[in-house]
Structures are given as structure tokens and as C-alpha cells.
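Structural features, examined
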Amino acid sequence: MLKNKYGYFSNETREFVITDPKTPRPWFNYMWNENYGGLISHTGGGFSFLETPRDNRLTRMRYNSLPWDRPGRYIIVKDSLTKEFWSLSWAPTIDKKYDLYECHHGLGYTTIITEIYGIRGELTYFVPTDINAEIWKFKLTNLTTENRKLEVYAFTELMMGNALNDIINQPNDKHFTDIKFDKKNKTLIATRRYWVLNRKVSVEQPNLDWKYNILFSSTLPISGFDGSLDKFIGKWRSEANPEAIERGKMFNSEITAGDPVAALQSKLSLKGNKSKDCAIVFAVNPKEDKNPYKTLDWNNLLRIKSIDKKLAQVKNKWKNYLSNFQVCTPDEKFNTMINTWNQYQAAVTFDMARNSGYYHGGLLFGTGMRDQFQDILGVVIAEPERVRKRLLNALRFQFNDGSTLHNFFKITEWGEKTNHSDTPLWVPFGIVEYLNETADLSFLNEKVTYYDGGSGTVYEHMKKAIDFALSATTKRGIPKIMNGDWNDTLDKVGPKGKGETIWGAFFLGYVIKKTFEVLRIKKDLTTLERWKTEYEKIGKVVNKVAWDGEWYIRAFKDDGSPLGTNKSKQGKIFINAQTWSVISGLAPKERGTKALESVKKLLAKPNGIQICWPSYTQVEENVGLISRCVPGKKENGAIFNHASSWFVLASIINGDIETAYDIYSRMLPINSSSRIDKYEVEPYVFAEYVTSPDHPTEGQASHSWLTGTAVWMLRNGMDYIIGFRTSIKGLLINPNIPSTWKEFSAVRKFRGKTINLSVKNPYGKNSGFSLIKVNGNLVDDNLLIVENFTEDVINVEVVL
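Scoring rules and cut-offs
Residue numbers run consecutively from 1 along every chain, following the written order of its sequence. Where totals are concerned, whole chains, interfaces and linings use all residues; where local detail is concerned, this predicted model gives features only for residues with pLDDT of at least 70, and gives and counts side-chain atom pairs only at 80 or more. Side-chain measures were taken over the full set of non-hydrogen atoms in the model, leaving aside hydrogen atoms and water. Under the DSSP-based scheme used, a helix requires at least four consecutive residues in state H or I and a strand at least two consecutive residues in state E, with every element numbered from the N terminus. What the globule rule says is 2.2 Å times the number of residues to the power 0.38, and the radius of gyration is computed from C-alpha atoms. The buried label goes to any residue with under 20% of its type's maximum accessible area, the exposed label to any with over 50%, and the partly exposed label to all in between, with areas taken from a 1.4 Å probe on protein chains only. The contact criterion used is simple: two residues touch if any of their non-hydrogen atoms lie within 4.5 Å. The method behind every accessible area is Shrake-Rupley, applied with a 1.4 Å probe, and residues are considered shielded solely by the protein chains displayed. In this count, Lys and Arg are taken as positive residues and Asp and Glu as negative ones, while His and the chain termini are left out. Where a charge lies is defined by one atom per residue type: Lys uses NZ, Arg uses CZ, Asp uses CG and Glu uses CD. A pair of strands is labelled paired if DSSP reports no fewer than 2 bridges between them. For Phe, Tyr and Trp, rings pair up if their centres lie within 6.5 Å, where Trp contributes its six-membered ring, and each pair is then called stacked (planes under 30 degrees apart), edge-to-face (over 60) or tilted (otherwise). Definition used: whenever NZ (Lys) or CZ (Arg) falls within 6 Å of the ring centre and also within 35 degrees of the ring normal, the charge is taken to sit over that ring. Under this scheme, a helix contributes an axis fitted over its contacting stretch, all axes are lines through C-alpha atoms, and angles between N-to-C directions fall in the 0 to 180 degree range. The labels follow the angle: roughly parallel below 35 degrees, roughly antiparallel above 145, roughly perpendicular from 65 to 115, and oblique for the rest. Handedness of a crossing follows from how the near helix is turned relative to the far one, being left-handed for an anticlockwise turn of less than a right angle and right-handed for a clockwise one. Both cavities and pockets are sets of points on a 1 Å grid over the protein atoms alone; in a cavity a 1.4 Å probe fits but cannot get out, in a pocket the set is open with protein on both sides within 12 Å along at least five of seven lines, and lining residues sit with an atom within 4 Å of a point. Grid points are joined across faces, edges and corners, and a volume is the space filled by probe spheres set on the points. Side-chain classes are defined by residue name, with Ala, Val, Leu, Ile, Met, Phe, Trp, Tyr, Cys and Pro counting as nonpolar, Asp, Glu, Lys and Arg as charged, and the others, Gly among them, as polar.

A few points about the overall build of the protein
What the protein contains, in helices and strands, is 22 helices and 44 strands. Radius of gyration (C-alpha) of the protein: 28 Å, near the 28 Å computed for a compact globule of 800 residues. Dimensions along the principal axes, computed over C-alpha positions, put the protein at roughly 80 × 65 × 55 Å. Within the protein, the proportion of its 800 residues that are buried is 64%. Of all intrachain contacts in the protein linking residues separated by at least 6 positions in sequence, the fraction that spans at least 24 positions is 66%. Within the structure as shown, the protein displays about 30000 Å² of accessible surface, and the carbon and sulfur contribution to it stands at 49%. The positive charge centre, built from 106 side chains, and the negative charge centre, built from 90, are 1 Å apart in the protein.

Topic: the pairing of strand β19 (residues 260-270)
Burial analysis of β19 places nine of its 11 residues in the buried class, which makes it a mostly covered element. Pairing geometry for strand β14 (residues 148-161) and β19, over 10 bridges, is antiparallel. What sits directly across from F155, in β19, is A263. Alignment of strand β18 (residues 222-228) against β19, held across five bridges, turns out to be antiparallel. Residue I222 lies in a different strand from β19, and its bridge partner there is S266.

Considering the packing of aromatic side chains
Under the counting rule described, the total for this entry stands at 57 aromatic pairs. Pairing F397 with Y451 gives two aromatic rings, centres 5.8 Å apart and planes at 45°, and the pair type is tilted. Residue F397 is located in the loop between α10 (384-394) and β23 (407-408), and its partner Y451 is located in the loop between β25 (447-449) and β26 (455-457); the two are separated by 54 residues in the primary sequence. In this structure F397 comes out as buried when scored by relative accessible area, which is 2%. Looking at Y451, the relative accessible area reads 30%, which means it is partly exposed. Grouping aromatic residues by their ring pairs yields a cluster made of Y6, F9, F16, W27, Y30, W32, W318, Y321, W341, Y344, Y684 and W705. One residue, R54, lies across the ring of F409, its end atom 3.8 Å from the ring centre. The side chain of K317 reaches across the aromatic face of W32, ending 5.6 Å from its centre.

Regarding the sheet that holds strand β11 (residues 109-116)
Read across the open sheet, the 11 strands follow the order β1-β2-β3-β10-β11-β12-β13-β20-β17-β16-β15; overall the sheet is antiparallel. Edge strands, defined here as strands with exactly one partner in the open sheet, are β1 (3-4) and β15 (177-182).

Things to note about the packing of helix α9 (residues 369-379) against helix α22 (residues 709-722)
Think of two packed helices as two axes; the pair is described by the angle between the axes and how far apart they sit. Running from amino to carboxyl end, α9 crosses α22 at an angle of 45°, the nearest separation of the two axes being 8 Å. By the angle between their axes, α9 is oblique relative to α22. As for the relative orientation of α9 and α22, their crossing is left-handed in sense. For the pair α9 and α22, contact is made by Q374, D375, L377 and G378 and by V711, W712, L714 and R715, respectively.

Overview of unusual backbone geometry
Of the consecutive residues L66 and P67, the connecting peptide bond is found in the cis state with omega at -5°. Take P67: it is sitting in the loop between β7 (57-59) and β8 (73-79). The omega angle of the peptide bond from R70 to P71 is -15°, so this bond is cis rather than trans. Structurally, P71 is set in the loop between β7 and β8. Phi is positive for M160, close to 60°, though the residue is something other than glycine. Here M160 is to be found in strand β14. One non-glycine residue, A439, lies in the positive phi region at around 55°. On the accessibility criterion, A439 (25% relative accessible area) is partly exposed.

Regarding the sheet that holds strand β36 (residues 701-704)
Reading across the sheet, the three strands line up as β34-β35-β36 and stay open at both edges, with antiparallel pairing between neighbours. With one partner strand each, in any of the chains shown, β34 (639-640) and β36 form the two edges of the open sheet.

Some details on empty space enclosed by the protein
Here the structure, examined in full by the defined rule, presents five cavities of 30 Å³ or more. What the largest cavity holds in volume is close to 60 Å³. For the lining of the largest cavity, a count of residues per class yields seven nonpolar, three polar and one charged.

Here it is as C-alpha cells:
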């Protein structure tokens, strides 16, 4: 069993089970569907939103709150006789002595189990697949032989609208709240009369109505309610001791202004050794709908059988989702991560971007173009239609000249154009990756509008992105870095338009090369030859001006001086310029090998690879924010997992499989969190970074869940280690494994076919093959053109 002092992985149920609630940080999960989303912590914390966490947040989460992780979604049970009360999620009644606590973070749901005062509670939070709602299903069991009279209080603090405005203008913003109790339908109805949809912080007062109602009800008979947070909690109190609960009677407050809460009281009797299944439903529905109860099928929804069916649908969805790719290798940690948690995290990033998280609070960034076109890598296998729609939507934020917004917000459809040099290039990257999975060439002919007017086909969008990048180069043909590239903190290297990004040159070359197959299919030979010439030019110039002797320079500043050179006192070497020199194919073999060896020698640490070394200890005004970050954290010398994943990829491409797998293993959260009290964050998903030895808190991780690391580590494992490499032509079978693996098996679904792969490694090799059989027949080629097979299942046997 894979475990730490706070919990363990249950591979049978695909859950991480937390057994001690006092984790070093709140440990989160996600519950969501296409429109409705929510974070749920192991103590019931988090927040919910519809479509976007900034402009349409439904419930509150206070940043940096003390105690941590408040407020949340709480069900408090009170013994009417003893007057003792406690939470089914441990928090907020954290001073109570529970006999049992377990939190089961599963796929799309979280179940918290507690036992205290002779009552067992089993509370499951989830979002149904088909309605904009969340359900808190709970089961109460009387563990004693005595009959118990219990009171149940369910409550959550509401926000309803613009979360940024709620923070900066909350005293005024609370004058527009309406909460009333619908006695006929036994439902608390909450809404607002005002909705701030400004594109950014502004004193402008848009005269808009929040166009939704929240419906909050219970499967239990309701004996009381409150809409006023002040009334329910009381003065100088907290969620841990609400006045309404202490006195055993709700205030039945309905409000037209003030801080809102949705709170319900119910009472029940529970005989000895008996159980009762109950549920709370929190739904959101358009205000214009005059019959929401019919639309939501409210009476049926408030039935336990219906709720159980919806929970089963969530679990079945994830069972089907994960069936698209599974492995069985000698490495249990590899199996646990790539079979379940890596795929699940990648699905989360696809829908949450860098926007809806505990560390990414959903107030600032919206959806990044760079992130959107990378995050498809995880979901495109199981849900290609969703990816297709998402790409078409994102392409609307490209301009006629091929440039793009850097980020955009749903609902307002606004974003910022920041002049990051790499952002437009992720457009062709994502398009080609979609085609590699689906071979859906009709996608290239879809018409999509430009942000500044007019429209073009997807193919034209792709070409314009690359041509824009080629036009945004210096006289010698290296991309201008402008206000930064993938490394946002190199923001003062080239603001005058003279600075150059060497990583950006390699990335431009990589993206150009990536499109060659598409150009051939489109018979666009003129563009193909032109871009081949550009690719060669880029390779010549970077190898002429950017080789530093042991590694590649990272960039050139506006004044022409190099960044990332052995002559510097700080920031001597940056990982990305080395890895992408190999990934792009532009580094000669000897230089690529030497560059990666330099990374391994200088940047490799127990948890992965540092992003640069040595960390900046003095501010350099002509470099940027990186030099103001504390040494050893974030982009200033942390083990930055996204960049570290590219080292794994580069090492495999360069033929150093053992090093690649070693670093891949170090990066796995199961391994990097081995010192869990130092690591702090969730051990079941990748974090953005782990603090390097350049800081006293070495080993501490941060910004978990929402990181590009998820998709790149997934595809490193799937495409390059297991060896399912996609292309428009078909699926290339090419494993790259540790020599100690004597055999492994894997299954992958691809274009309607199921490929069962069985690999034997009797000679302890890393790669290559001495024999390949497809459906029992010896073949010479390891490229599967699945359209040539009539069978639904293709069995592939490989001997290395």
C-alpha cells in the first residue's frame, strides 16, 4: 500500500483516503460538469461557481483565512438531549474529539466519514453530470442501542456574482441580496439584483441583474431556515458555534440586504443501530425560468433513489474515461499515478485552466491561451468532441495578424494582449495535437472569427500564428522576447523590442516542424518549403550565436548582453533552452547531449530539475521579476515541474532512457512528497513547483493541481515511456523503458479501436525491438494505421 502519515492510495476504489484531518495544508478535490464547478477540501471547504469563478461565483472562500479553509459546505448534527453538536466534515468543529475520521477523495466526488458521540456520518459531495447543482448526500447511523433525537443544520455562505468585486467592494455589494423561503416547495431561494461584469477593476457601475436563482433544500422535513449570515452565526462567533445551532432554533430570516447564507434546519429521530439516508441539494437556475421546480425536476431530485442514481452516473463517467488508457508495469507508483491520478488531474486542468483553485483563486487570469492549447493533451483521448469545441472557441481570441490575446474570460469574452512571444505558437501546437489523435481533417476547414473582425478557416488561423511569430523576429531571425515568453518572469529582458529568446527560437522551430505533415496533406507545398527554410535558418543562427560552450544561452537582452551564460554570477543556466534544443531537433547531437548533461550535473535535485541555477539573490532590473522572487521558489530556481517534465521528454528523445525515467520517478507526487510535512500539499497530484535547496524551506511544494505538468507528464508516460505515439497517419508503437522492466502491458483506445499492447524485455534493453506481432502476425513496421483493420481490437506483441 502506498501511504504517508496522513493517508493512503486505494487503487481498488481509485481514491486517496485521508485518515488524519490535520494535514499540513488543505487537501482538495474537484467536482464539476460542463458548466458547474466546485473545489471541495478534505474538511468541506472550497467554493462553487457557474461557468467562471471570477464573474459568477456562487459561494464564498476567504483567502488566507484563519482558521484555514473557511467557509465551506457544512452539515452540523446536534443531539437534542445532550446539546452537543459536531460537523460531519470535521471542520468547523475542529476542537471536538472524533473517534474516527476519513476523507475519501474520489473521482468527481469526496466522501467524509466521521464517528463521534455514538453517531456515524458518511457525507458525500458531488456535482451531477447533467444539472447545474451540487449534492451533499449524507447517511447518519446510530451506533448505540438508544433512540436518538437529532437536529441537522446544513449551511454555506453565499456570494452570488463577481468574486473580485466581493473582495474590493463588499460593504456596498451586499446591498443587493434577496433571500426568501418558499414555504410551498420547502426551498430557500437566493438571488441578487445587481451583477458587476466589468472587464477589470473599475468604478463603473453596470446596471445589470444577476440572472440566476439559487435553490437550497433538503430531503428531510425543514423546521427552520436563515438567509442572514449575521443572524445565523450571531455576533462575535464563527461557523464553529453559530447562535442558531446553540439555541436550537433558527431565526427564519429573509433578507433584502446583508451578508447571505443558505442555512436549513431539520429534525429526526434515529432508533438504536439504525441508519437514515438524507441529502441537501444546492442548485442554480436562470431567473427568467418561471417554473424552476419543473425544469430541475425538483421533487424527483429530492429523492434518495434519484440522488444515488446521479452519483452512480458520476462514478461510471470516470470509469469509462479512464478505460481509454491503462497500464500494468513493474512500478506500482507509476501505475497508480498514470492509471488514475495523472489522467484525472489532466482532466481538471482542461476545465479549470489556471483559474479555479486554492492557489489560483480565479480572480485574475481567466483562461490562458497557452494553457488552453496545452491542456487538451489530457482530454483529447477520451473526449475529442469537447476538445474540438474548446479549440474553436479559443481561436476566436486570435487577431487577423496571427497574434492572440494572452488570456480570456468567459461571459465577458474579454482578455489581455500582453505581447508574450510564445502565446500565438500554442495555437498550431494544439491544432496539430488534436489532428494527431483524431485525424479529423475536416476541422481544418471550420470557419472561426477573429477577435478584431472577419473570419478564417482553422488552417488559416494556424498559418497566421506561425507567420506572425516569424515576423516578430530580430534582424538575425531570432524571436523577440518582448514582455516575456513561457517564463513570464523574464519580463524585462526585451521590452524595447530588441531582446531575443533562444528558448523561443527552439520552440518556434519545433512548432514549424510539427506542422509539416499537415502542410503535406493540404498540398500547401509553397508554405512547406518556406517554413522548412525558416526552420533551417533558426537552427543555424541559434547554434552560431547562442552556444556557450557547455549549454545554450537562454536569451539576449535589449542591450545585446546574454542571459544564462557561464560568465554570469547568477542565472548561469536555464533548463528550457537545453531541453528544447533537443526537442526541436535543432541542436547537433553532441551539443544536445552536452546541454542535457549540464542540466543533470547542475540542476538535478532529489525532486526533479531546477528551472535555473544559481538562483537570483540580487535584483537585476533588465531581467525581470524572476530576480525579485525569493531564491529557490517559483521561477527563481525552484524545481519547476512543468519545465522539469520537458527534461524527461528531451532525455528520451536523446536516447538517455534511464536518466529520463529517474527524473520522471523523482517528480511523481508519491515520491516527491515522501517528506510530507515539508512537502505540505496533496501527494496525489503534481504541484507547480517544489522549493529547491536554495531556500530554507527546501522540499516545500505549492500551487498544486492547476499546472501544465499534468498533461506533459501524462503524455511523457503514455507516448514515450509506454510508447503510444500519435500522428495523423496512425499510432507509432515505440516503448522507452527502464532496463529493469522485464515486461509490461497496456491498453489504449485510438480512433474507435482498442489496442492491447504486450511488451517483453528479456535482454534488459531500453528501447528498440527485435520482434513485433500484430494480431498474431509478424510485421516489420511499428506504425499502426488503424483504419486498415476491420477488427475492433488490435493485439500488439513486442519483444525489445
